[in-house]
Amino acid sequence: MPSRAASLRMKRPSFSVSVTTASQLHDAIDRLLPLLRADASHAPAARALAAAAASLRPPSTLLSNRVLHLLSSHQATLPDALALLSSLPSPDVCSYNTLVAALARSPRGLASARAMFDRMPRRDHVSWSAIVSAHARHGQPRAALELYRRMLREPGSAGADNEFTASSALAAATAALCARAGRELHCHVVRRGIDADAVVWSALADMYAKCGHVDDARSVFDRMPVRDVVSWTAMVERYFDAGRGGEGFRLFVRMLKSGVRPNEFTYAGVLRACAGFTSEKLGRQVHGRMAKSRAGDSCFAESALVHMYSKCGDMGTAMRVFEAMRKPDLVSWTAVISGFAQNGQPEEALRYFDMFLRSGFRPDHVVFVGVLSACAHAGLVDKGLEVFHSIKDEYGIEHTADHYACVIDLLSRSGQFERAEEMINKMSVKPNKFLWASLLGGCRIHKNVRLARWAAEALFEIEPENPATYVTLANIYASVGLFDEVENVRQIMESKGITKMPASSWIEAGKRVHVFLVGDKSHPQAEEIYALLKKLYVKMREEGYVADTGFVLHDVEDEQKEQDIGYHSERLAVAFGIIATPGDSPIKVFKNLRICGDCHTTIKFISRIVKREIIVRDSNRFHHFKNGSCSCKNYW
C-alpha cells in the first residue's frame, strides 16, 4: 500500500509542455499559473514555457510580461523572473511592476523591490501604490509616507496620484498612527477630487479611528456617498474598539432601521461587544434577530453567541447554542472550555477538552489557556502541570507567556511558591504583566510578603500607573499588620498622582443598568436597599456570620472596619436585585474589581436566606451562589 506522501504525489496535477504558437503559450500559462502558485514542483514546467516563449520571433512584450508574471508567482522561480527581465530588450512599466510587486511580497525582498523601483525608467500609479503599500505592510510606514510625498513632487507623476496610491498612503498613516499625516492626506484627496472612491472613504475612516479620533471617523462615515454593510460594520466596531459601547450599539440599531441587513461579521462584532460590556439583554435581542436571519447560521456568528453567553454567566444557553451547531469550530470549542473554566465548572471544562481532542481537532495555544485556567481555578496542580508539559512535548507548541501565567496562577494559588519562583527564573519567554499579577494575587491569598514585593516591583516597571498593583500590595501589608508599609504605599501613590480605581458594581433591571459605589446612597431606592441589608445582617448573625475585617486597609477599631465593609458595592447591587427582580430569576451582578472575602461569605449567607441564585462576576471569574454555597468552592 503506498505511503501518504506517495499517494499525494500520485494525485498531484501533471503538466506537460508541448506548445509552438503564442496562442498555445498564453493558454498554457493560464493553466500552469495556479499549479505553480500552489506547488514549487511545477517550476521546471514554468521554465520550459519561458524557454518556449523566448524562442518565438519577434518577441512579444505582452507574452514576455505574462511569462514574467508566471515566473514571479512562486519564490522558487523568482530568480528566473529576474533573469528574464534583464534579458528583455525593451521591458515596459508593466514588466517592472510585476517584479517590484513580487519582490515586495516578503520583508526580505523589500530592499530589492525598492532598488528596482528606483531604477525604473518610468513609473505609473501601480508602481507607486505597490511600493508605498509594501513599506506600510512590512513595518516601515514612515518610509511609505515619504515615498508618497516624493511621488507628489516628482515631475510627470500626476497620473499616479489617484485613489489607489492615496489609499496606500492612508494605510501607511494608519500603521504609523500619525493623525497629522492622515489629516494632510485627507485635505489632499479632497483638493484633488479623488475622495469619491469608496475605498478612500473607508481608508480615511479607518485612519482616524486607529489614531484615536473616532469622532472624525464618524464624520467621514456620515459623509460617505454609499454606505454598505461593510462600512456600517466597520464603523460600529470602531466605537466598540474605542470603548464607546453605547454609541456602537446605537449605531447598530440605526443600521437596522436604515434597511441595511447585517452579515455574520456584523453580528459577531456586536456579540463580542455584548460580551465585553456584559450586555446580556441586548445580546439576547441580537440572538433573536439572528435566528430570523440566514446570517445566524454562520459558524462564525454562532461561536460569537457561545462566547457572549459564557461571558455573561449563562452557560446553560451557551451550551444549547453550542450543541445546536452543525459543525462546531475551534473558536466555539475554545469558548465552551474557557466559559466553563470562568464560570466555576473546571471539571466540565476538562471534560469538554477531552471531547474536543477526541473529535479530531488539533488544539492551539488559546485552547490551552482555557484548560490551564480551569486547573488553576480548581487547584488541580498535578493535572495543570501535566497539561502544561503536554503543550510542547505532545503537540509541539511553544509555551507562551500566557501559558506560564496560568501555571504561576495555579502554583501560587495553591501556595507552592518555591515551584512558582523556580519556574519564573527558568521560563523561556519574558514574564508578562499577567504572570506577575497572578503571583501577586497568590501572595495576597497566602500573605507572602517577600514574593509580593518581587511581583509588585516587576509590575511597577511594566505599568507604573496601574493603581491595582499598589492597592493589592497595600492589602497584603495590611493583612499582616504592616500598617507603616501601607502608609508608605499610599504616599508613593500620592506623589505619583495615582488614584485608586473606585470599586463599582452594576446590575441590569428593567430597561436600564443600575451602578453602585461603596456606601452609595444616590440611588432612588437607597433607603429601601439599606433597610433590606440591615434585616439580612440580623438574620446572618443569627446563623453564625462574623464579619472578617481583615479585608479593610485602615488601622481602625473593629467596629469601624465592620461598618466599612458592610456596604461594599456588590452588596448594594445584590440587595437592589432582590428588590427589583422577580423572585424566581437569578440575580446577576457585575463588579469591576475582585470580590473581597467577606462579601463572598456574606453573599453565600444571603443566597440561602432569600432562596435565590446570585451570580457575581468580578474581575477574575464568575461566582454562582446558591443555597449558601459558591461554585468556586471557596477557591478563587
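Residues numbered from 1 in each chain as written. Predicted model: local features only at pLDDT ≥ 70, side-chain atom pairs only at ≥ 80, totals over all residues. Heavy atoms only, no water.

Asks: In this structure, what is going on with the sheet that holds strand S6 (residues 629-630)? I would like to understand it.
Replies: Strand pairing in a sheet relies on backbone hydrogen bonds. The paired strands run either parallel or antiparallel. If you trace the six strands from one edge of the open sheet to the other, you get S2-S1-S3-S4-S5-S6, paired in mixed fashion. What marks the edges here is a single partner per strand, and that holds for strand S2 (512-517) and S6. Note that strand S5 (residues 622-626) and S6 share two bridges and pair antiparallel. What sits directly across from Phe 625, in S6, is Cys 630. (Pairing = 2+ DSSP bridges. Helix = DSSP H or I, 4+ residues; strand = E, 2+ residues; numbered from the N terminus.)

Asks: Help me understand the packing of helix H2 (residues 22-38) against helix H3 (residues 43-55), please; the structure alone is not making it clear to me.
Replies: It is at 10 Å that the axes of H2 and H3 come closest, and there the two elements cross at 155°. Comparing their axes, H3 and H2 come out roughly antiparallel. Between H2 and H3 the crossing geometry is left-handed. Where H2 approaches H3, its residues Leu 25, Ala 28, Ile 29, Leu 32 and Leu 36 are matched on the opposing element by Ala 43, Ala 45, Ala 46, Leu 49, Ala 52 and Ala 53. Class assignment of the residues belonging to the contact of H2 with H3 gives a composition of 11 nonpolar, no polar and no charged. (Axes fitted to C-alpha atoms, helices over the stretch in contact; angles between N-to-C directions. Parallel < 35°, antiparallel > 145°, perpendicular 65-115°, else oblique. Left-handed = near helix turned anticlockwise from the far one by under 90°. Contact = heavy atoms within 4.5 Å. Nonpolar A, V, L, I, M, F, W, Y, C, P; charged D, E, K, R; others polar.)

Asks: Mind showing me how you'd approach helix H25 (residues 417-426) here?
Replies: Three or four residues apart is the spacing at which side chains of an α-helix point the same way, because the helix has 3.6 residues per turn. Within H25, burial applies to Phe 417, Ala 420, Met 423 and Ile 424. Taken end-on, H25 shows its buried residues confined to a sector of 125°, consistent with a single buried face. When the buried face of H25 is taken as reference, the exposed residues oriented beyond 90 degrees from it are Glu 418, Asn 425 and Lys 426. Buried residues along H25 sit against helix H23 (381-393), helix H24 (401-413), helix H26 (433-446) and helix H27 (449-462). (Buried < 20%, exposed > 50% of the residue type's maximum accessible area, 1.4 Å probe, protein only. Arc of directions from axis to C-beta.)

Asks: Any chance you could explain the pairing of strand S4 (residues 614-617) here in plain terms?
Replies: Look at any regular strand and the pattern is simple: side chains alternate between the two faces of the sheet. Alternating positions in S4 separate into two faces, Ile 614 and Val 616 on one and Ile 615 and Arg 617 on the other, with burial throughout. Two strands pair when backbone bridges link them, and strand S3 (residues 587-591) and S4 are joined in this way by four bridges, in the parallel orientation. Across the sheet, the residue bridging to Ile 587 is Ile 614, located in S4. Crossover S3 to S4 through helix H33 (residues 597-610) is right-handed. Of the strand pairs in this sheet, S4 and S5 are connected by four bridges, and their pairing is antiparallel. Paired with Val 616 across the bridge in S5 is His 623. (Right-handed = clockwise from strand over helix to strand, strands pointing away.)

Asks: What is the right way to look at the pattern of salt bridges in this model?
Replies: Side chains that differ in charge, positive against negative, can pair when their charged atoms come close. Inspection of the entire model under this criterion finds 31 salt bridges. A salt bridge links Glu 154 to Arg 150; the shortest N-O distance between them is 3.5 Å. (Salt bridge = Lys/Arg side-chain N within 4 Å of Asp/Glu carboxyl O.)

Asks: Help me understand the UniProt feature "repeat: PPR" (unreviewed entry) in the protein chain, please; the structure alone is not making it clear to me.
Replies: Taken from the UniProt record, the annotation "repeat: PPR" (unreviewed entry) applies to residues 124-154, 197-227, 228-262, 329-363 and 466-500. For residues 197-227, the helix share is 74%, the strand share is 0%, and the end-to-end C-alpha distance is 12 Å. Along residues 228-262, the helical share is 74% and the strand share 0%, with 10 Å between the first and last C-alpha atoms. (UniProt positions renumbered as here; feature names shortened; annotations may be inferred.)

Asks: Would you explain the environment of Ile 131 in this entry?
Replies: In this structure, Ile 131 sits in helix H8 (residues 125-137). Along the backbone, Ile 131 and Ile 595 are 464 residues apart, and their C-alpha atoms lie at a distance of 54 Å. Excluding its chain neighbours within four sequence positions, the residues that come into contact with Ile 131 are Val 100, Ala 113, Arg 114, Phe 117 and Leu 147.

Asks: Even after reading the chapter, I still don't get the environment of Phe 417, so can you show me in this structure?
Replies: Of note, Phe 417 is situated in helix H25. For Phe 417, a relative accessible area of 10% corresponds to the buried category. Between the alpha carbons of Phe 417 and Cys 443 there is a distance of 8.6 Å; along the sequence they are 26 residues apart.

Asks: How do you make sense of unusual backbone geometry when you look at a structure like this?
Replies: A positive phi angle is found at Thr 278, which is not glycine, with a value near 50°. Relative to the helices and strands, Thr 278 resides in the loop between helix H16 (264-276) and helix H17 (280-291). Assessed through its relative accessible area of 5%, Thr 278 is described here as buried. With a phi angle near 55°, Lys 611 is a residue other than glycine that sits in the positive phi range. By the secondary structure assignment, Lys 611 is in the loop between H33 and S4. Taking the relative accessible area as the measure of exposure, Lys 611 reaches 69% and is therefore exposed.

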